[in-house]
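Below, each chain spelled out in residue letters.
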Amino acid sequence: MGRRKRAQKQVKTQKKATVAKIFKCPFCTHDDAVECKMNRSRGLGSLTCRICGAKYQTTITYLSEPIDVFCEWIDECDAVEDGGGEAATGARYED
């Protein structure tokens, strides 16, 4: 006599965590207002607020993600606020 076959356990796959592409604007404080566009062929990452029109553009590498561009923008804003002038990174900022 044979042994009973046991049912195989179902393999559960976890969803991949996705990186955000829409952020909160540091100037007008609206949620989901800043949209990031990555132009990898030109090596440019740009952020634009749909509410207040604030813009930021910087160079990117093939490893860069939208959150990296947003963090650079926040760092640049802090540097300008603390230093009182233009930051030394050479990135373009328009308000």
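Everything that follows concerns the structure shown earlier in this document.
A few points on the structure. (Residues numbered from 1 in each chain as written. Predicted model: local features only at pLDDT ≥ 70, side-chain atom pairs only at ≥ 80, totals over all residues. Heavy atoms only, no water.)

1. Quick notes on helix H1 (residues 66-83)
How we decide: Helix and strand labels come from DSSP, where a helix needs a run of H or I of at least four residues and a strand needs a run of E of at least two; each type is numbered from the N terminus. Helix span, as expected, comes to 1.5 Å for every residue beyond the first. Burial classification: accessible surface area is computed with a 1.4 Å probe over protein chains only, and a residue below 20% of its type maximum counts as buried, one above 50% as exposed, and the rest as partly exposed. Each C-beta atom gives one direction from the helix axis, and the arc is the one those directions make.
With 18 residues, H1 ought to run about 26 Å at 1.5 Å a step, and its terminal C-alpha atoms sit 26 Å apart, in line with that. Within the sequence span of H1, burial applies to Pro66, Val69, Phe70, Trp73, Glu76 and Cys77. For H1, the angular spread of buried residues about the axis comes to 120°, placing them on one side. Across from the buried face of H1, at angles greater than 90 degrees, the exposed residues are Asp75, Asp82 and Gly83.

2. Topic: the packing of aromatic side chains
Basically, it comes down to this: Each Phe, Tyr or Trp ring (for Trp, its six-membered ring) is paired with any other whose centre lies within 6.5 Å, and the angle between the two planes then decides the class: stacked below 30 degrees, edge-to-face above 60, tilted in between.
On inspection of all chains with the given rule, the structure shows four aromatic pairs. Plain terms: the ring middles of Phe27 and Trp73 are 5.8 Å apart, the flat faces sit at 55° to each other, and that makes the pair tilted. Residue Phe27 is found in the loop between strand E1 (22-23) and strand E2 (34-39), and its partner Trp73 is found in helix H1; the two are separated by 46 residues along the sequence. Ring plane angle 75° and centroid distance 6.1 Å describe the contact between Phe70 and Trp73, whose orientation is recorded as edge-to-face. Of the two residues, Phe70 and Trp73 are both situated in helix H1; the distance of three residues between them amounts to about one turn of the helix. Among the aromatic side chains, those forming a connected cluster through ring pairs are Phe23, Phe27, Tyr56, Phe70 and Trp73.

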